[in-house]
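# What the coordinates show
If you want the building blocks of each chain, they are given just below.
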Amino acid sequence: MDGRDRSETIANLQALDERLLWLSSWMIHNANHLRPKRDGLKVGGHQASCASMTAIMAALYFHALRPQDKVSVKPHAGPVLHAIHYLLGNQTLERMQKFRGLGGVQSYPSRTKDNIPVDFSTGSVGLGVAVTAFSSLVQDYLIAHGQVREEDAGRMIALMGDAELDEGNIYECLIEGYKHDLRNCWWIVDYNRQSLDATTADRMFRRFDDIFETCGWRVVTLKYGKMQQAAFAQPGGKALEEWIDSCPNAEFAALTYQGGAAWRERLMADIGQKPNVKKLLDSYDDEALARLMTNLGGHCIESLTEAFDRCDDDVPTLFIAYTVKGHGLPLAGHKDNHSGMMNPAQMKQFRASLGIKEGEEWEPWGGLGDNAAAELKAFVADSPIARVKPEPAAPAVTVPAIPAPDGAEQSTQAAFGRILLDLAKSGEELADRIVTTAPDVTQTTNLGAFVNQRGLFRRQELADVFHKARIPSAQKWAQHAAGQHIELGIAENNFFIMLASLGLAAPHFGTRLLPVGTVYDPFIARGLDALNYGCYSDSRFLLVGTPSGITLAAEGGAHQSINTPLIGMGQPNLTYFEPAYADELAAMMAYAFDHMQQPDGSSVYLRLTTRAIPQVARADDGWRDDALKGGYWLRRPAKGAEAAIVFTGVIAPEALAAWEQLAEDIPGIGLLNVTSPDLLHRGWSAHRAARWTDEPVTPCHAETLLSALAPGAGLVTVLDGSPAALSWLGGVKGMRVSPLGTDRFGQTGDQLDLYHTYRLDSDAIVEAAAELFLGN
């Protein structure tokens, strides 16, 4: 663009910076000071955190952003994002007025709860940053597989607060990005040097540059605005620049809050004796001097647009944009401004300074003359972001029948590997859309055969040196662009964020992937925040936790999972199954691949084991539908039976042996296989809640199953996990329960010893029944 066009663009962006500052501040003010508070509690919001981002977001959204780019917005700058979409006509006044209220704008950007286009949910600090890197890797995967055109590649952009740089998952992500030759990724740091509790340590200056440059990133530092740069060029300006460079962060913030007179007094005391400094300072009145000293790069539209324009390539780039927290507001620089906000008097003064009339606070172009408003409105309408299309609906992938692998004795983990291998060889479209990943446990979770068949993904082909040298190895892992396994290091946060990114391929890129990720079951807890993030974003993936429980006997307590069934039951947007037999697993995998694609579907978690157990003979497939609802009678009770053993997963042989022993003493005793404590509990909860809604009250599956027993019957529940996952079943119909399971850290030993020590063997089940039913 020529000089005139550029100056007009800069002027329009500066006006939009002001619009965003006003609308985000007013939205928060309205929620806290004007809207009735029925509970008397502070609504909250972050005016200061929004204010430090408005120039960055104005320059990005209305100048640099292209329709194919995607942005993860700093959580506390969520109101600015909504203000942008309010100007674009995508956000409603009603929702803005309900900020942080039911049905209104969410506290932090949410893909599932907000009505505006939100590329990435944010809220848990650091995760919204790392997800952009993994989404860029997913985009490269889709380009390599011919599902996205190279020329349509977008930039994955994270707007982040500098305090997020304290999050360890960011540096784990950096390492993974370096290994996978990350590109098309921008991280823009709102470097205001103030966190929730304190001011950022001064010694971190330049350390971020070193870290990112080492990992292959370009680092662009925007420290000074054009006004400051012009002052530095004047006589005495070099001394001023050197003073700013050496000023501690905390002192800079305090002087910012105190204003022009304080700036002048301090500068004169420190450098006033140097040549030409006094003359330079005297050329500014106090108000102008305050503007000069806070004219940092992150608030200078001209500096921001130039920097964005210079980086028009695919090199991953970190922009460190120096800002003032609360810039343009009376809160600017104060160390307590993170959760602070303007009082009504300050807001009234702020409104008057912008020429906005009382009663016109929500007008998008309030305070502007007709001509200025028309020009700005046209500028917004003509910006690339205004041409972003709604997220595409990806076509569904047909799920064929998935047969169970043969074998008289099988573990669910081994069966899982064989099912995936059979799919890899099948030629079905489903197999082409599966992409697997694991945090350095590919072999030990039985993904190896699939990888042998389909290869590892790498944009540049890499030969298998061992194979080339004819050294025997079970791993024949060719690395090439057509590979369908993404190898990750042993960082579970990366693993779950990668799954989240893969599971969003359909809405993000208009093409469907069916991600399958395996992890040692106990280490699900290590990445639990990232798992929750993926589920909250409504990402769709199949999580396989294996091996699980104290059944992993010799590995000891550090590798034995206890509470993962409760995680599976308690995590929204995740459906948990725990199969005992290979045919159950095959049915669950077919269900999962279909459920992941449904509008009201979710991700699925399978809890598997390395223990091989005898498979059961089936007369027919009558068990299958009930198994996919959460449970079925492996041995149906006699009518009015007084007792049942209820088990989940790998404990099946012990439960069956105990049932055979007890059948002589308790005629008609049932044996209930709970394949999903999650689905049973969810159905029961919905059934209980239905009576208070307009929904029809119908029996839940747990109630239907237990209705086969006599009222007041007794249940022995058992699983290799927390007993709480099944003990609640007694509440469905008021039955007595004797719960068995693991609620202590395990230890090393063989399986027989551990099952006996932790009361999971058949003797323990019989004893629990005796206590419950025989009263001794």
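Please refer to the structure placed before this passage.
A quick note: this is a predicted structure, and the numbers were derived from the prediction, not measured.

Tracing the backbone through its elements, the reader meets F773 in helix α34 (residues 762-774). Residues F773 and G326, spaced 447 residues apart in sequence, show a C-alpha to C-alpha distance of 68 Å. Setting aside residues no more than four positions away along its own chain, F773 makes contact with E642, A643, A644, I666, G714, L715, V716 and R736.

What follows covers the pattern of salt bridges. Note on pairing: side chains with opposite charge can pair once their charged atoms come close. Inspection of the entire model under this criterion finds 37 salt bridges. We note a salt bridge from K238 to E241, for which the minimum N-O separation is 3.8 Å. In this pair, K238 and E241 both sit in helix α10 (residues 237-246), three residues apart, roughly one turn of the helix. Close ionic contact of R264 with D286 constitutes a salt bridge, the shortest N to O distance being 3.0 Å. Of this pair, R264 sits in helix α12 (residues 260-271) while D286 sits in helix α14 (residues 286-293), and the two are 22 residues apart along the sequence. With relative accessibility at 17%, the residue R264 sits in the buried group. Because the salt bridges share partners, they merge into one network encompassing D140, E150, D181, R183, D314 and R459.

What follows concerns the nonpolar core. Judged by nonpolar contacts, the single largest core of 139 residues is most densely connected at W187, L543, F593, L606 and L729. Ranked by residues supplied to this core, first place goes to helix α6 (residues 127-144) with eleven residues. Ignoring sequence-local partners within four residues, the contact set of L729 consists of V646, V674, L680, A702, L706 and L715. With 67 residues, the next largest nonpolar core counts M27, L60, L88 and F350 among its residues.

This part is about the packing of aromatic side chains. The geometry of an aromatic ring pair is captured by two quantities: the separation of the ring centres and the angle between the planes. All chains considered together, the criterion is met by 21 aromatic pairs. Measuring from centroid to centroid gives 5.4 Å for W22 and W26, while their planes differ by 20°, and the two rings are stacked. One end of the pair is W22 and the other is W26, both in helix α1 (residues 3-34) and four residues apart, which spans about a single turn. Here W22 matches W26 in class, with each residue buried. On the basis of an interplanar angle of 25° and a centroid distance of 6.2 Å, the ring pair of Y520 and F523 is categorised as stacked. The exposure class assigned to Y520 is buried, which follows from its relative accessible area of 19%. On the basis of relative accessibility, which here comes to 17%, the residue F523 falls in the buried class.

To continue, consider the state of the cysteines. Enumeration over the complete set of coordinates arrives at zero disulfides. The closest cysteine sulfur to the non-disulfide-bonded C300 is located on C311, 16 Å from its own sulfur. On the basis of relative accessibility, which here comes to 8%, the residue C300 falls in the buried class.

Turning our eyes to something else, we now look at the sheet that holds strand β4 (residues 218-222). Taking strand neighbours across the sheet as the criterion, the five strands line up as β1-β2-β3-β5-β4 in an open arrangement whose pairing is parallel. For this open sheet the edge positions go to β1 (70-72) and β4, each flanked by a neighbour on one side alone. Shown here is a sheet whose adjacent strand axes are inclined to one another by a mean of 15°, direction ignored. Both strand β2 (residues 156-161) and strand β3 (residues 185-191) contribute to a ladder of six bridges, which runs parallel. By the bridge assignment, M156 is partnered in β3 with C185.

Rules and cut-offs
Residues numbered from 1 in each chain as written. Predicted model: local features only at pLDDT ≥ 70, side-chain atom pairs only at ≥ 80, totals over all residues. Heavy atoms only, no water. Helix = DSSP H or I, 4+ residues; strand = E, 2+ residues; numbered from the N terminus. Contact = heavy atoms within 4.5 Å. Salt bridge = Lys/Arg side-chain N within 4 Å of Asp/Glu carboxyl O. Buried < 20%, exposed > 50% of the residue type's maximum accessible area, 1.4 Å probe, protein only. Core = buried A, V, L, I, M, F, W, Y, C linked by side-chain atoms within 4.5 Å. Phe/Tyr/Trp six-rings, centres within 6.5 Å; stacked < 30°, edge-to-face > 60°. Disulfide = S-S within 2.5 Å. Pairing = 2+ DSSP bridges. Axes fitted to C-alpha atoms, helices over the stretch in contact; angles between N-to-C directions.

By themselves, these are just geometric observations and shouldn't be taken as functional.
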